[in-house]
Amino acid sequence: MENDQAAAFWTPSIRKADGPVYLAIADALSADILSGRLAEGSRLPPQRALADALKIDFTTVSRAYSEARKRGLVEGRVGQGTYVKAKRLSASRRPSSGLVDMSMNLPPRFDDPGLVARMWDGISDVQAAGGIDLLMRYQEAGGAARDREAGAFWLASRLEGVTPDRILVCPGAQCAMLAIAGVLAAPGEGICVEALTYPGFRSAAAHLRIELIGVPTDEDGLIPEAFEKICETQKPKALYCTPTLQNPTTATLPLARRLALLEIARRFHVPIIEDDAYGALPVDPLPPLAALAPDLVYHIAGLAKCIAPALRIAYLVAPDGRAASRLVGAVRATASMASPLTAGIASRWIEHGIADAVLAAIRTETKSRYLIAKSILPLEHTCADPEAFHVWLTLTTPWTRGEFASRLRSVGIGVVASDAFALASPPEAVRLGLGAPETREELTQSLRIIADLLSQSPATSSMVV
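Residues numbered from 1 in each chain as written. Predicted model: local features only at pLDDT ≥ 70, side-chain atom pairs only at ≥ 80, totals over all residues. Heavy atoms only, no water.

Draft legend 1. Spatial organisation of the packing of aromatic side chains. One pass over the full model with this rule turns up four aromatic pairs. Seen in terms of ring centroids, phenylalanine 201 and tyrosine 240 are 4.0 Å apart; in terms of plane orientation they differ by 0 degrees. Their pairing is stacked. Of the two residues, phenylalanine 201 is situated in helix α9 (residues 199–208) and tyrosine 240 in strand β9 (residues 238–241); the sequence distance between them amounts to 39 residues. Tyrosine 240 shares its class with phenylalanine 201; the two are buried. Ring centres 6.0 Å apart and planes at 65 degrees place the aromatic pair tyrosine 278 and phenylalanine 389 in the edge-to-face group. In this pair, tyrosine 278 sits in the loop between β10 (272–275) and α12 (289–292) while phenylalanine 389 sits in the loop between β13 (382–383) and β14 (390–394), placing the two residues 111 residues apart along the sequence. By relative accessible area, which is 1% here, phenylalanine 389 ends up buried. The positively charged end of arginine 63 is found above the aromatic ring belonging to tyrosine 22, 3.9 Å away from the centroid. (Phe/Tyr/Trp six-rings, centres within 6.5 Å; stacked < 30°, edge-to-face > 60°. Helix = DSSP H or I, 4+ residues; strand = E, 2+ residues; numbered from the N terminus. Buried < 20%, exposed > 50% of the residue type's maximum accessible area, 1.4 Å probe, protein only. Lys NZ or Arg CZ within 6 Å of the ring centre and 35° of its normal.)

Right, here's the structure in full:
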């Protein structure tokens, strides 16, 4: 009864200039369900009553309710009216495990119910447009034409002139890495990587029995002279690197170094695998390696860090059509294809501006979380960037990375020790994922515990009795 009373006076907040009014009403309904203003089971106002309240035609409200039913937001009950359904938009949180798992490098959650409603509505639109074929049909290993076109559109601001025929739609960046590495190097051959590199590429190389050759780095990333020396003496088959907001150090290669690395790679005929996982995050980015030398670089642009991890979609840009054809075979042999359903969702979000809105929200929340970390963690121990949502925390004697991580886990905080990234001689450091905590308050509390522990010695903070 309480839900009936509350919903009977529900009046959506809309502006008639925002496109068709019936769609604005349906969008407002989505947002109010997600925010909790309208609870599941609430009865909506009669259509004529809502039309009178909004001073619009009855038919407009009727179309809005019909649109809401198509989206799965409401259901009609004979003789009773229209009720909120929308279980899929429940705002309830999962039960807490008691662990703040900052070992996961996730984009931070943003607090924008309207945008979240648009994301879910975009998924509903994919179902309406694609029908059962999205569920009951295979597609090309490199992705359907529409999805490759959406990928080209998404990348156009960073890779000017990129065309769909050079793009493969992959089921995540990991698949793209595995495909490229398998095409470029045979078992026993070597690929250069940063001395601290992404664990996922280490895993792919181990699976393919490819040797990884660590290239020394400094605070600006890969050192070109060190890469040149390795090219002279070890003849690597490729270089894998993350030039922008490197994982785990957050370093971004300056333009001069990018050009120097490309010149060396071209001189020694070494193709480059550019993992641009974080390349969409900077507002004013440096040009990707693939923009500077498109004929030399295999570019991987995943959506997990800049849009949504659950999509498992990455756009692989090959140097040319011939290379793209070879990679299609590798993708087919390992994963068959990207899911047509998730690829369709990604395309819909890109085409309708939802992806851009999500990226903007992630950027804003990332900056806020960086400022929290900057205010709590000691600067002399912290490698961070305002546009990255991970932090590289260096430790000093007598702390070791293993003991520090173990002590944090005992109080409910998960971090990643440097062993996961290092090919040899791991430094005493850990990576923190600022996006994993659900709220800024949870992040603040966790970082204060980390800072307090860092300020103590292992002996004084021990809980063994």
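That was the structure; now back to the text.
Draft legend 2. Structural context of the pairing of strand β2 (residues 81–84). Bridge count for strand β1 (residues 74–77) against β2 is four bridges, and the pairing is antiparallel. Paired with glutamate 75 across the bridge in β2 is tyrosine 83. The hairpin turn running from β1 into β2, its antiparallel successor, is three residues long, and glycine 79 in that turn takes a positive phi close to 75 degrees. (Pairing = 2+ DSSP bridges.)

Draft legend 3. Expanded view of empty space enclosed by the protein. Summed over all chains, the structure comprises one cavity of 30 Å³ or more. Of the volumes computed, that of the largest cavity is approximately 30 Å³. Leu303, Ile307, Leu311, Ala346, Trp349, Ile350 and Ala355 together form the lining of the largest cavity. For the lining of the largest cavity, the element with the most residues is helix α14 (residues 340–351), which contributes three residues. Grouping the constituent residues of the lining of the largest cavity by class yields seven nonpolar, no polar and no charged. (1 Å grid on protein atoms, 1.4 Å probe; cavity = no way out; pocket = protein on both sides within 12 Å on 5 of 7 lines; lining within 4 Å. Points joined across faces, edges and corners; volume = space filled by probe spheres on them. Nonpolar A, V, L, I, M, F, W, Y, C, P; charged D, E, K, R; others polar.)

Draft legend 4. Local environment of the environment of threonine 59. With respect to the element layout, threonine 59 can be found in helix α4 (residues 58–70). The class for threonine 59 is exposed, based on a relative accessible area of 51%.

Draft legend 5. Summary view of the pattern of salt bridges. Throughout the structure, instances matching the rule amount to 20 salt bridges. Here aspartate 27 makes a salt bridge to arginine 71, at a shortest N to O gap of 2.8 Å. With aspartate 27 in helix α2 (residues 21–35) and arginine 71 in the loop between α4 and β1, this pair connects stretches of sequence that are 44 residues apart. The partly exposed category is assigned to aspartate 27, whose relative accessible area is 35%. (Salt bridge = Lys/Arg side-chain N within 4 Å of Asp/Glu carboxyl O.)

Draft legend 6. Focus on unusual backbone geometry. A cis amide bond links asparagine 247 to the next residue, proline 248, at an omega of 25 degrees. Among the secondary structure elements, proline 248 is positioned in the loop between β9 and α11 (255–267). Proline 398 follows threonine 397 through a cis peptide bond whose omega is 15 degrees. Topologically, proline 398 is positioned in the loop between β14 and α16 (401–410). Despite not being glycine, lysine 235 has its phi angle at roughly 50 degrees, a positive value. Tracing the sequence through the fold places lysine 235 in the loop between α10 (224–234) and β9. Phi is positive for serine 336, which is not a glycine, with a value near 70 degrees. The residue serine 336 is located in the loop between α13 (321–334) and α14 in this model. On the accessibility criterion, serine 336 (36% relative accessible area) is partly exposed.

On their own, these measurements won't tell you what the molecule is for.
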